[in-house]
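Observations on the three-dimensional arrangement
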Amino acid sequence: MAVVQRGVPPSLSAKVTGSFAYLTIRDRLPTILTKVIDTIHRNKSKFFEEHGEEGINAEKQAIALLSKLRNELLTDKPVIELTDGLEDADSWNEYLQRQQRLQGDQEPVSWFTSPWLYVECYMYRRIQEAVSLNPPISNFDVFNEGKTQSFYESQKAVMTLCTFLEDIQKNAEKLSPDRLSEDFNKLLQISLWGNKCDLSISAGQDNSQKISPIDALASLQPFILVNDSGMVWSSLMSSQRAGESVDRVDIVLDNAGFELVTDLVLADFLVSSGLVRKIYFHGKSFPWFVSDVTANDFHWTVRQTMAANHKWMSKRGFQWQNYLKVGAWSYHDHPFWTQPHEFCDMAADAPDLYSRLQQADLVLFKGDLNYRKLTGDRAWDHTVEFSTALQGFQPAPLCSLRTLKANVQVGLQPGRGEKLTSRDPTWMTNGKYAVIQFYSPKPV
Ligand code: F6P
Ligand code: MG
């Protein structure tokens, strides 16, 4: 018999025909898999040049595994265990058992019947398996092309942003506390809207930033459904000890390309203004949800920014390299970020990561997938408090910066969701709306 947790709504799932989860599994995920297969095929000669016949065999094998995966998905086959023996494989296989227990033993865990969050994450882990089972190409990032292209196509916006930060810094000496909080707000919103640019919602199509991110802010303001930025600022201020800088802010990154640059600029502002001493960036340990940041993407972006043929842009790049060198910035990954768990499981399932986050003064969670994991990707009523939907996940003061791309949204005023639905029926998934949603375990 299926186990139902009391008071917690069910997980979103593709069971509901026509739902966004259903359309994602039916249309978007197979499209992404087809593109992955095509990418591997297009790189055949590169694999041959690097590894000879072995490279060609690896390409064939990986494609065979991915085609099999695509077929399993399209025909709603049971989810199967991972066989690659990687560090996280046991934990994935245990999670499959857990899902089976939750679902009951009537029907197997499968693509269209089980939680959307779980099966969508599982697809990316199976892509990783297909590549890792073929050692000559096991380090190949199947999403790299799209990520680098999205960085190049946002160059103008990146330059504008770096020039904006340069102007802030020129006047830094004279900045009043009000002005500082105003600039913080702007950069927080730029980082928020940077999240429009992910490549999984567009199944890999160009989604880069082409207009000035600063000019766009005023017109985007009405689309921020919850704006707790004042509380985020107050929380930062209250963490300053005796007028000293805040010790540490963590940024749980989402997408590479323009979004990553907006996060780096925000982090740069926090450190260069003396507000914060250290920034911990958290990224993914393998290619994930098409455009998410891996260590390679992170360092590549810093290097590209340094190499730019634009004075203020390359200045930022050198500054970022220096922050990394002196330890003001550091990049961290942890297997938990590429697992399917709701974040309320973190304390039990990844206690080391939970205690690391507990040491932060503020944790910023970027993007839609992180929001789905924060709230468990459940069918919550829109008026449920954010703190309730977190289900006990409270390592530190935290804030979600997210444009809406999936149908879960909490913390709205009564009637707001209904009004939005009547005006714009796809408001939860069309990426036009956003939230800056804050929660603190201690009073701010
Ligand atoms: O819902 C659309 C979607 O592709 C989801 O599959 C995923 O939650 C999300 O978008 C990815 O967006 P982000 O990069 O903001 O996490
Ligand atoms: Mg993403």
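Labelled according to an unreviewed UniProt entry, the protein chain appears under the name Sugar phosphate phosphatase, originating from Oryzias latipes. Taken from UniProt, the Sequence similarities (unreviewed entry) comment for the protein chain reads in full: "Belongs to the damage-control phosphatase family. Sugar phosphate phosphatase III subfamily."

**Quick word on the packing of aromatic side chains**
For any two aromatic rings, the description comes down to two numbers: the centre-to-centre distance and the angle of the planes. The final tally for this structure, using the stated rule, is 31 aromatic pairs. Taking 5.9 Å as the distance between ring centres and 80° as the angle between the ring planes, the aromatic pair formed by Phe20 and Trp116 counts as edge-to-face. In this pair, Phe20 is assigned in helix H1 (residues 20-42) and Trp116 in helix H5 (residues 116-132), connecting sequence segments 96 residues apart. Like Trp116, Phe20 is buried. Plain terms: the ring middles of Tyr354 and Phe393 are 5.9 Å apart, the flat faces sit at 65° to each other, and that makes the pair edge-to-face. With Tyr354 in helix H15 (residues 351-358) and Phe393 in the loop between helix H17 (386-389) and strand E6 (398-403), this residue pair connects regions lying 39 residues apart in the sequence. Here a set of aromatic residues connected by ring pairs shows up, and it is made of Phe281, Phe298, Trp320, Tyr323, Trp329 and Tyr331. Seen from the ring of Tyr280, Arg248 lies directly overhead, with NZ or CZ sitting 3.8 Å from the centre. Here the basic side chain of Arg372 rests over the ring of Trp116, its NZ or CZ set 3.5 Å away from the ring centre.

**Here we look at the sheet that holds strand E2 (residues 246-252)**
Think of a sheet as strands paired side by side through backbone hydrogen bonds, with each pair either parallel or antiparallel. Reading across the sheet, the 7 strands line up as E1-E7-E6-E5-E2-E3-E4 and stay open at both edges, with mixed pairing between neighbours. Unpaired on one side and paired on the other, strand E1 (224-227) and strand E4 (329-333) mark the two borders of the sheet. On average, each strand axis in the sheet is inclined to that of its neighbour by 20°, with strand direction left out of account. Bridging between strand E3 (residues 276-283) and E4 involves 5 bridges; their strand directions are parallel. Its bridge partner being in E4, Ile279 is matched across the sheet by Trp329.

**Observations regarding the pattern of salt bridges**
Enumeration over the complete set of coordinates arrives at 29 salt bridges. Ionic pairing is found between Arg372 and Glu120, a salt bridge with its closest N-O pair at 2.9 Å. Here the residue Arg372 occupies a position in helix H16 (residues 367-374), and Glu120 occupies one in helix H5, the gap between them amounting to 252 residues. Across the pair, exposure class does not vary: Arg372 and Glu120 are buried alike. For Asp247, the salt bridge identified is with Arg277, shortest N-O distance 2.9 Å. On the criterion of sequence distance, the pair formed by Asp247 in strand E2 and Arg277 in strand E3 is long-range, its members being 30 residues apart. On the basis of relative accessibility, which here comes to 48%, the residue Arg277 falls in the partly exposed class.

**Some details on the nonpolar core**
By size, the foremost hydrophobic cluster in this structure holds 84 residues, and its most contacted members are Met123, Ile127, Met346, Phe365 and Phe393. Top element by residues in this core is H5. It accounts for 11 residues. By size, the runner-up hydrophobic cluster in this structure holds 63 residues, among which are Leu180, Leu187, Ala256 and Tyr331.

**Digging into the side chain of Thr39**
One can find Thr39 in helix H1. Of the residues examined, Thr39 reaches a relative accessible area of 9% and is grouped as buried. Not counting the four nearest positions on each side in its chain, Thr39 is found in contact with Phe140, Val142 and Glu145.

**Observations regarding the pairing of E2**
A large share of E2 lies buried, amounting to 6 of its 7 residues. In this sheet, E3 lies alongside E2 in parallel orientation, the contact comprising 6 bridges. Each bridged residue has a counterpart across the sheet, and for Asp250 the counterpart in E3 is Tyr280. As a crossover connection, the stretch from E2 through helix H11 (residues 258-272) into E3 is right-handed.

How each quantity is defined
Each chain carries its own residue numbering, running from 1 in the written order of its sequence. Labels are handed out in written order, letters beginning with A for the chains and numbers beginning with 1 for the ligands. pLDDT decides what is reported in this predicted model: residues at 70 or higher carry local features, side-chain atom pairs at 80 or more are listed and counted, and totals for whole chains, interfaces and linings draw on all residues regardless. Side-chain metrics rest on all non-hydrogen atoms present in the structure, leaving aside hydrogens and water. UniProt positions are given in the numbering used here, feature names are shortened, and annotations may be inferred rather than shown by experiment. Geometry of aromatic contacts follows a simple scheme: Phe, Tyr and Trp rings, the Trp one being its six-membered ring, pair when their centres are within 6.5 Å, and the pair is stacked under 30 degrees between planes, edge-to-face over 60, tilted otherwise. Each helix is a run of H or I in the DSSP string that is no shorter than four residues. Each strand is a run of E no shorter than two, and both are numbered from the N terminus. A 1.4 Å probe rolled over the protein chains alone gives each residue an accessible area, and that area as a share of the maximum for its type sets the label: buried under 20%, exposed over 50%, partly exposed in between. The criterion is that NZ of a Lys, or CZ of an Arg, lies within 6 Å of the ring centre and within 35 degrees of the ring normal, and then a charge sits over that ring. Pairing between strands is defined by DSSP: at least two bridges between them are needed. Interaxial angle, 0 to 180 degrees, is taken between N-to-C directions of lines fitted to C-alpha atoms, where a helix line uses only the stretch in contact. By salt bridge we mean one thing: a side-chain nitrogen of Lys or Arg within 4 Å of a carboxyl oxygen of Asp or Glu. In this text, buried Ala, Val, Leu, Ile, Met, Phe, Trp, Tyr and Cys residues form a nonpolar core when linked through side-chain atoms within 4.5 Å. Residues are treated as being in contact if the distance between any of their heavy atoms lies within 4.5 Å. Crossover handedness is defined here as right-handed if the route from the first strand over the helix to the second strand goes clockwise, with the strands pointing away from the viewer.

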